[in-house]
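Below, each chain spelled out in residue letters.
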Amino acid sequence: MADDATRRALSGIPLLRAQAGPRDGERWRERLKEEYQALIKYVENNKQADNDWFRLESNKDGTRWFGKCWYIHELLKYEFDVEFDIPVTYPVTAPEVAIPELDGKTAKMYRGGKICLTDHFKPLWARNVPKFGLGHLMALGVSIWVPGVERLGPGREGLGPGGEYLGPGG
C-alpha cells in the first residue's frame, strides 16, 4: 500500500483522458499535450515540496524521452541519465525506463539499465489505463526506485560521489 507522501504526490498529478499512442496522429498530439501538462504540474508540486529530483524532455514526436534524475543522500548528490521510448501500444503498455550508468549493478536491473517495474508498477498501470501517464510513471516507478542507489554509494558496493562506478567495495 502507498504511503501518505506517495498519495499526496499522486493526487497532485492530473489524470489523463486521451486513449492514444504514437501511431494515432492528432489524438496522439492531444495525449502528448496532456502528458506535458501533467509532468509540468508534477514538477511544480515537487519544487513546492522541496523535492525536485528529475528533468525530462522528448524528441519532436514525443516518442523518445531523456533527461536526468538525482538523489541526495548524506549531502552527496547521485545524478544519472534516464531514458525511455514510448511503446507503440502506449498507453496500454507502460514505458520501460532505463538508467544506463547502473546497467548490471543491481539485481533489480535488466539489460541496458532498464529498471524493474514489473512486480509492483505495471499491474497498477494496467488498472489505470488511460488515466496514468508519464508523471505517474516517474512518481510511482522511478521515484521509488532511485533512492536505492545510495546503497551503492561510497564505501559500499560501487558508486563514488559523482555517481561514477568504482567497483566492488567502492
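Computed from a predicted model, the values in this text were never measured in an experiment. (Residues numbered from 1 in each chain as written. Predicted model: local features only at pLDDT ≥ 70, side-chain atom pairs only at ≥ 80, totals over all residues. Heavy atoms only, no water.)

## Quick notes on the environment of Asp-103
Here Asp-103 is to be found in the loop between β3 (76–85) and β4 (109–110). What makes Asp-103 partly exposed here is its relative accessible area of 36%. Those residues in contact with Asp-103 that lie beyond four places of it in its chain are Met-109, Tyr-110, Arg-111, Gly-112 and Gly-113. A polar side-chain atom of Asp-103 sits 3.3 Å from the main-chain amide nitrogen of Gly-112. (Helix = DSSP H or I, 4+ residues; strand = E, 2+ residues; numbered from the N terminus. Buried < 20%, exposed > 50% of the residue type's maximum accessible area, 1.4 Å probe, protein only. Contact = heavy atoms within 4.5 Å. Polar contact = N/O pair within 3.5 Å; in protein donor to acceptor, adjacent residues only side chain to side chain.)

## Things to note about unusual backbone geometry
Note the cis peptide between Tyr-90 and Pro-91, where omega equals 5°. Structurally, Pro-91 is set in the loop between β3 and β4. Residue Pro-130 is bonded to the preceding Val-129 through a cis peptide linkage, with omega at 0°. Mapped onto the elements, Pro-130 comes out in the loop between α3 (121–127) and α4 (134–145). The phi dihedral of Asp-50 is positive, around 55°, even though this residue is not glycine. Of note, Asp-50 is situated in the loop between α2 (26–48) and β1 (54–58). The residue Leu-75 is not glycine, and still its phi comes out positive at about 65°. Within the element layout of this structure, Leu-75 appears in the loop between β2 (64–73) and β3.

## Considering the pattern of salt bridges
Enumeration over the complete set of coordinates arrives at 11 salt bridges. Its salt-bridge partner being Asp-24, residue Arg-27 comes within 3.8 Å of it at the nearest N-O pair. Given a relative accessible area of 46%, Arg-27 falls into the partly exposed group. Taking the shortest distance from any N to any O, the salt bridge between Glu-83 and Arg-64 comes out at 3.7 Å. Of this pair, Glu-83 sits in strand β3 while Arg-64 sits in strand β2, and the two are 19 residues apart along the sequence. Overall, the relative accessible area of 30% leaves Arg-64 in the partly exposed class. (Salt bridge = Lys/Arg side-chain N within 4 Å of Asp/Glu carboxyl O.)

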